[in-house]
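So you can see what is in the structure, the chains are spelled out below.
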Amino acid sequence: MLTTLQTAYSDTRAADLAWTLGREPLPALAVLDLRLAGAELQLRLLGASHQVLLEEEQGTCSETVACMPGSSTPLPLAVAERLGDWEYEFAARVETLSEGSFAGRAQELLALVADHPHGLAGTFPGSPYAFTAMLAQCTEGQVRWRTWHAYPQEGQLVVTRTRVGVRTAAPVP
């Protein structure tokens, strides 16, 4: 699903993004509710980037990547945590692209997400390449999502990937 977000572009630098787990739902500009292999997943586009809410029999998980005033938790390169019976893994990277490469990459990503049944993308007013896009899937009992946060004025694309799955017991020797 592709939508135009009716708000000012508020997280205008990749360096302003922060990451948090467990945050309460924030006001969303666009929402996609999904049911993936028994998991309730809500992809949420915020004026300041994204939030994912996951609810399963084992519990809940809330991931927020956004420009959050007063936050001192910068966007980490990688996180691995235990959340009750789950293993949570998050990774992020920043791609810096030339103007032409950025436009091509933006078009590819928006096309990929726009028609995907588990995808949500929103463009911000002012530039067709200022967007946040999200894509979810469930494979082998794990819920996964990827996100892209585009900053055309910097030529930067912030790419994240997350995996949440039931913790597997260590094999007994």
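Our subject is the structure that appears above.
These numbers come from a predicted model, not from an experiment.

### Here's the deal with the overall build of the protein chain
Along its length, the protein chain carries one helix and twelve strands. In the protein chain, the succession of helices and strands from N to C terminus is β-β-β-β-β-β-β-β-α-β-β-β-β. Whereas a compact globule of 173 residues would reach a radius of gyration of roughly 16 Å, the protein chain reaches 16 Å, a difference of no more than 12%. Considered along the principal axes of its C-alpha atoms, the protein chain spans approximately 55 × 35 × 30 Å.

### Re the side chain of Arg-44
Inspection of the secondary structure puts Arg-44 in strand E4 (residues 39-46). At 2.8 Å, the side chain of Arg-44 forms a polar contact with the side chain of Gln-42.

### What about the layout of surface pockets?
Estimated volume of the largest pocket: approximately 190 Å³. Elements with a minimum of two residues in the lining of the largest pocket: E4, strand E5 (49-56) and strand E6 (59-66).

### Focus: the pairing of strand E10 (residues 131-139)
In this sheet, E10 lies alongside strand E9 (residues 119-123) in antiparallel orientation, the contact comprising five bridges. If you follow Leu-120 over to E10, its bridge partner there is Met-134. Taken together, the eight bridges between E10 and strand E11 (residues 142-151) define a ladder with antiparallel strand orientation. Paired with Ala-133 across the two strands is Trp-148, which belongs to E11. As consecutive antiparallel partners, E10 and E11 are separated by two residues, and within that stretch Glu-140 has a phi angle of approximately 50 degrees, a positive value.

### Quick word on the state of the cysteines
According to the stated counting rule, one finds zero disulfides in the structure shown. Summary of cysteine pairing: Cys-61 is not part of a disulfide, and the nearest cysteine sulfur, belonging to Cys-138, is at 14 Å. Using a relative accessible area of 6% as the deciding quantity, one classes Cys-61 as buried.

### Notes on the packing of aromatic side chains
Going through the model one piece at a time under the given rule, you end up with two aromatic pairs. With a centroid separation of 6.3 Å and an interplanar angle of 35 degrees, the aromatic rings of Trp-19 and Tyr-88 are classed as tilted. Residue Trp-19 is located in strand E2 (residues 18-21), and its partner Tyr-88 is located in strand E8 (residues 86-96); the two are separated by 69 residues in the primary sequence. Here the aromatic rings of Trp-19 and Phe-90 are separated by 5.9 Å at their centres, their planes lie at 35 degrees, and the arrangement is tilted. Linking Trp-19 in strand E2 with Phe-90 in strand E8, this pair joins segments that are 71 residues apart in sequence. With relative accessibility at 9%, the residue Trp-19 sits in the buried group.

### Thoughts on unusual backbone geometry
Phi at Ala-37 takes a positive value of approximately 50 degrees, unusual for a residue other than glycine. Within the secondary structure layout, Ala-37 lies in the loop between strand E3 (30-36) and E4. For Glu-140, which is not glycine, the phi torsion reads 50 degrees and is therefore positive. Mapped onto the secondary structure, Glu-140 falls in the loop between E10 and E11.

### Regarding the environment of Arg-13
Looking at where Arg-13 falls in the secondary structure, it is placed in the loop between strand E1 (2-4) and E2. Look at Arg-13 and you get partly exposed, because its relative accessible area is 41%. Through-space distance from the C-alpha of Arg-13 to that of His-149 is 9.9 Å; in sequence the pair is 136 residues apart. With near-sequence residues (within four places) excluded, Arg-13 lies in contact with Tyr-151, Gln-153 and Glu-154.

Each value, and the rule that gives it
Residues numbered from 1 in each chain as written. Predicted model: local features only at pLDDT ≥ 70, side-chain atom pairs only at ≥ 80, totals over all residues. Heavy atoms only, no water. Helix = DSSP H or I, 4+ residues; strand = E, 2+ residues; numbered from the N terminus. Rg over C-alpha atoms; globule rule 2.2 N^0.38 Å. Polar contact = N/O pair within 3.5 Å; in protein donor to acceptor, adjacent residues only side chain to side chain. 1 Å grid on protein atoms, 1.4 Å probe; cavity = no way out; pocket = protein on both sides within 12 Å on 5 of 7 lines; lining within 4 Å. Points joined across faces, edges and corners; volume = space filled by probe spheres on them. Pairing = 2+ DSSP bridges. Disulfide = S-S within 2.5 Å. Buried < 20%, exposed > 50% of the residue type's maximum accessible area, 1.4 Å probe, protein only. Phe/Tyr/Trp six-rings, centres within 6.5 Å; stacked < 30°, edge-to-face > 60°. Contact = heavy atoms within 4.5 Å.

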